[in-house]
Amino acid sequence: MLSKVYSASVIGIEGYIVTVEVDISPGMPVFSTVGLPDRAVSESKERVISAIRNSGFDYQHKKITVNLAPADIKKEGGGFDLPIAIGILSAENIVKHELLSKYIIIGELALDGTLRELKGILPISLTIKKLISSKNYVEGIILPAANAYESAVVDGIKVIPVTNLKEAIMFLNNEIVIEPYKVSKENIFSEQSEYEIDFNEVKGQEFAKRALEIACAGGHNVIMIGPPGTGKSMLAKRIPTILPPLTFEEALETTKIHSVAGLLPKTKSLLITRPFRAPHHTISNIALIGGGVYPKPGEVSLAHNGILFLDELPEFHRDALEVLRQPLETHEVCISRANSTLTFPANFMLVAAMNPCPCGYYGSNVRECNCNPFVIQKYMNKISGPLLDRIDIHLEVPSLKVSEITDDNNTGENSKTIRERVINARKIQLERFKNIIIQGRKIYTNSQMNSKLIRKYCKLNDTSKKLIKTAIERLGLSARAYDRILKVARTIADIENKTDIESQHISEAIQYRTIDRFVH
Amino acid sequence: MDTINNKYNLGKSGEDIAVSFLIKSGYHIIDRNVHIKKYGEIDIICENNKDIVFVEVKRRSDYSFGLPQDAVNHKKQKQLIKLALLYIKMKNIKNKNIRFDVVALSPSGCELIKNAFIADKFYTY
């Protein structure tokens, strides 16, 4: 007897449908799995056989051939256990065939027949939604109960949570009714993220706070340079508290990546706070941008729609820093391997922190720097010009004055107030870019503008033009730096609710390039 | 010489015990001690629930060398699968399920292990 069950798996961060065909014929007792299974899939027969027996069904060894189509994509993971088990039982006429074509079935089996949760459920659910909307016969998905909340975020598909093999079979045989699992999006989003940290805990550094507010409002990249102990890391950790909450589309995109990487918290169906990724400086370039034989997303993709914080920037491997160039420019990474070429989204806000020199006190008014000029130059040269050019805001975080250190009153603004301004500025940007799609991807912030959009939305008046000309001549800024200044100026104008960029916005934006001078 | 003869008789009588046990369990005996040149011998071939069953009989008079069923190891399984394939070809058996059972005879009694192993690792067309 032949039976056909539909399942799904993930390639990169996109789901695809796999047809599991099971043929049982008389002959030598053999169980063979074909269709490019990896170890976890070919080992699944042991789990499947034990699970069937331990669920109270009679399993007789026969000649069983399992085919996973399409045959040319390598199948990974334990998600095929349940469809194979159901395929065998339906080939033996224990499971009825009617419902099999209506549901995508996935799940990893334990030896006792219970189901274990899987990675990458969200991308699969989104693929099923696409299938349904293209007038397909598919209605929903049968999956382990532990994954139901993740899948149910996608509306329009029936999510059938099952806890074990027996339950799945009873459902397919119409012996029990399982209500489709539902979650309300409003509930997920109303759970406002409460942070334990706040911006007003950082003493002084009002200039830096203002710059970070601008950076958050427009999604600009920031580099903070300053001596040790001035609050660079402290500031960076608090950036998520002033970023606006994720929109639903952004949340889906980010959750998709975290779902594939298996980093989704167990009780959460969607990431409602922006990711803050702070990899250690020993990170390899593969871990940073993604890769592997079957490419997996790296830190830049995990930081999608959030923050990638690189502390001690010059300590990173040079090649690891250079691979950042492409994602910083195009907001995605394209990973090519012999087996496949994949594109991962990587629209992150880069926040870097570094000392001005190896000892850390160059240019500080607190302590004298004991590095010689050659060492300082070498330290600075570790960060290449092209990388620095892609960072919109260069920020000096100076040592605190004694009066600021000893002042115990939190006089600074709290995160909530700053966040409101940021949200407002982002609203203006969302409205502006409502109908704009660059290379098939929606854009949300000023930092994502390409040069065409910059020409359109960053028109300057005569005073501003004169100002920026002088700045370019005096500071020796590159053409790219010019674009960056315009983008930052646009964001400052948005924060102040102005429709046009004015000269004070330009002059503030130019301030955030002055480290160009410092480096050269 | 005496001991070898003893061993042979022990095995031979063990097979007789196994046959009567199988008949009692509802098996229909088709063939016994099928010898195929170069490859070896199949102890018992029988039919049960329309399946062709190849039975290997193992007997231990005590446990000093472990359980009898443990003696049907990787090597023995490989040999039995080869023999089974040859037998199927010789007799031109088609559209039947094939099964490998083991009858383990030990001082504590007689045990029938159905579906003792499958042909996965060794089977090629």
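Above this text sits the structure in question.
All of these numbers come straight from a predicted model, not from anything done at the bench. (Residues numbered from 1 in each chain as written. Chains lettered and ligands numbered in written order. Predicted model: local features only at pLDDT ≥ 70, side-chain atom pairs only at ≥ 80, totals over all residues. Heavy atoms only, no water.)

Caption draft 1: Up close: the side chain of His61 of chain A. By secondary structure assignment, the location of His61 of chain A is in the loop between α2 (44-54) and β4 (63-69). Take His61 of chain A: its relative accessible area is 10%, and that puts it in the buried class. Here His61 of chain A is in contact with Pro29, Ile49 and Arg53 of chain A together with Ile98, Asn115 and Ile118 of chain B, once residues within four sequence places are set aside. (Helix = DSSP H or I, 4+ residues; strand = E, 2+ residues; numbered from the N terminus. Buried < 20%, exposed > 50% of the residue type's maximum accessible area, 1.4 Å probe, protein only. Contact = heavy atoms within 4.5 Å.)

Caption draft 2: Spotlight on the interface of chain B and chain A. Taken residue by residue, the interface counts 17 residues in chain B and twelve residues in chain A. Here chain B and chain A share an interface that buries about 1200 Å² over both sides, 58% of which is from carbon and sulfur atoms. Counting every contact that joins chain B to chain A gives zero salt bridges. For the interface between chain B and chain A, the tally reads three residue pairs in polar contact (both at pLDDT 80 or more). For the side of chain B that touches chain A, the leading source of residues is helix α2 (residues 74-91) of chain B, giving four residues. When the residues that make up the side of chain B that touches chain A are grouped by side-chain class, the tally is eleven nonpolar, three polar and three charged. (Buried area = accessible area lost by both parts, 1.4 Å probe. Salt bridge = Lys/Arg side-chain N within 4 Å of Asp/Glu carboxyl O. Polar contact = N/O pair within 3.5 Å; in protein donor to acceptor, adjacent residues only side chain to side chain. Nonpolar A, V, L, I, M, F, W, Y, C, P; charged D, E, K, R; others polar.)

Caption draft 3: Main features of the sheet that holds strand β1 (residues 28-36) of chain B. All names here are of chain B. Strand order in the open sheet formed by five strands is β1-β2-β3-β4-β5, with mixed pairing between adjacent strands. The sheet is open, and its two edges are formed by β1 and β5 (109-113), each paired on a single side. Each neighbouring strand pair of the sheet contributes to a mean axis angle of 25°, computed without reference to strand direction. In the sheet, β1 pairs with strand β2 (residues 40-48) via seven bridges, with the strands oriented antiparallel. Within β2, the residue paired with Ile29 across the bridge is Cys46. Across the sheet, α2 touches β1, β2, β3 (51-59) and β4 (98-106), and the angle it forms with β1 is around 105°. (Pairing = 2+ DSSP bridges. Axes fitted to C-alpha atoms, helices over the stretch in contact; angles between N-to-C directions.)

Caption draft 4: Fine view of α2 of chain A. Among all positions of α2 of chain A, only Ser44, Lys45, Arg47, Val48, Ile49, Ala51 and Ile52 of chain A are buried. Residues of α2 of chain A that are buried sit in contact with β3 (30-34), α1 (39-42), α3 (81-91), β6 (108-109) and α6 (165-172) of chain A.

Caption draft 5: Expanded view of the environment of His28 of chain B. All names here are of chain B. Position of His28 relative to the elements: it lies in strand β1. Taking C-alpha positions, His28 is 8.8 Å from Ile45, a pair spaced 17 residues apart along the chain. Discounting chain neighbours no more than four positions away, the residues touching His28 are Cys46 and Glu47.

Caption draft 6: Just the sheet that holds strand β11 (residues 276-277) of chain A, in detail. Residue and element names in this part refer to chain A. In space, the five strands of this open sheet follow the order β11-β14-β17-β10-β18, with parallel pairing throughout. Of all the strands in the sheet, just β11 and β18 (393-396) have a single pairing partner and so form its edges. Of the pairings in the sheet, the one linking strand β14 (residues 307-311) to strand β17 (residues 349-354) comprises five bridges and is parallel in character. By the bridge assignment for β17, Ile307 is matched with Met349.

Caption draft 7: Region of the structure containing the packing of helix α22 (residues 479-495) of chain A against helix α23 (residues 503-511) of chain A. Residue and element names in this part refer to chain A. One way to put it is that α22 packs onto α23 with a least axis distance of 8 Å and a crossing angle of 125°. Taken as axis vectors, α22 and α23 run oblique relative to one another. Crossing of α22 against α23: the hand is right-handed. The residues of α23 that touch α22, namely those facing Ile485, Leu486, Val488, Ala489, Ile492 and Ala493, are His505, Ile506, Glu508, Ala509 and Ile510. Its residues placed into classes, the contact of α22 with α23 shows nine nonpolar, one polar and one charged. (Parallel < 35°, antiparallel > 145°, perpendicular 65-115°, else oblique. Left-handed = near helix turned anticlockwise from the far one by under 90°.)

Caption draft 8: Quick peek at unusual backbone geometry. In the segment running from Ala69 of chain A into Pro70 of chain A, the intervening peptide bond is cis, with an omega of 0°. Positionally, Pro70 of chain A belongs in the loop between β4 and α3. One non-glycine residue, Gln205 of chain A, adopts positive backbone phi at about 55°. Among the secondary structure elements, Gln205 of chain A is positioned in the loop between α7 (185-190) and α8 (206-218). Since its relative accessible area comes to 7%, Gln205 of chain A is described here as buried. Backbone geometry places Asn49 of chain B, a non-glycine residue, at a positive phi of 50°. As for its placement among the helices and strands, Asn49 of chain B is situated in the loop between β2 and β3. Accessibility expressed as a relative area gives 63% for Asn49 of chain B, which makes it exposed.

Caption draft 9: Examining the state of the cysteines more closely. Summed over all chains, the structure comprises zero disulfides over all chains. A disulfide-free cysteine, Cys216 of chain A has its sulfur positioned 19 Å from the sulfur of Cys458 of chain A, the nearest such atom. Left without a disulfide partner, Cys110 of chain B is nearest to the cysteine sulfur of Cys46 of chain B, which lies 13 Å away. (Disulfide = S-S within 2.5 Å.)

Caption draft 10: Main features of the packing of aromatic side chains. All names here are of chain A. Throughout the structure, instances matching the rule amount to eight aromatic pairs over all chains. Here the aromatic rings of Phe207 and Tyr512 are separated by 5.7 Å at their centres, their planes lie at 35°, and the arrangement is tilted. In this pair, Phe207 sits in helix α8 while Tyr512 sits in the loop between α23 and α24 (515-519), placing the two residues 305 residues apart along the sequence. Take Phe207: its relative accessible area is 39%, and that puts it in the partly exposed class. (Phe/Tyr/Trp six-rings, centres within 6.5 Å; stacked < 30°, edge-to-face > 60°.)

Caption draft 11: Broad picture of the pattern of salt bridges. By the definition in use, this model includes 27 salt bridges over all chains. The closest approach of N and O atoms between Arg318 of chain A and Glu322 of chain A, which form a salt bridge, is 3.9 Å. With Arg318 of chain A and Glu322 of chain A both in helix α14 (residues 318-322) and four residues apart, this pair spans about one turn of that helix. A salt bridge links Asp101 of chain B to Arg99 of chain B; its shortest N-O distance comes to 2.9 Å. Per residue, the accessibility class of Asp101 of chain B equals that of Arg99 of chain B, and both read buried.

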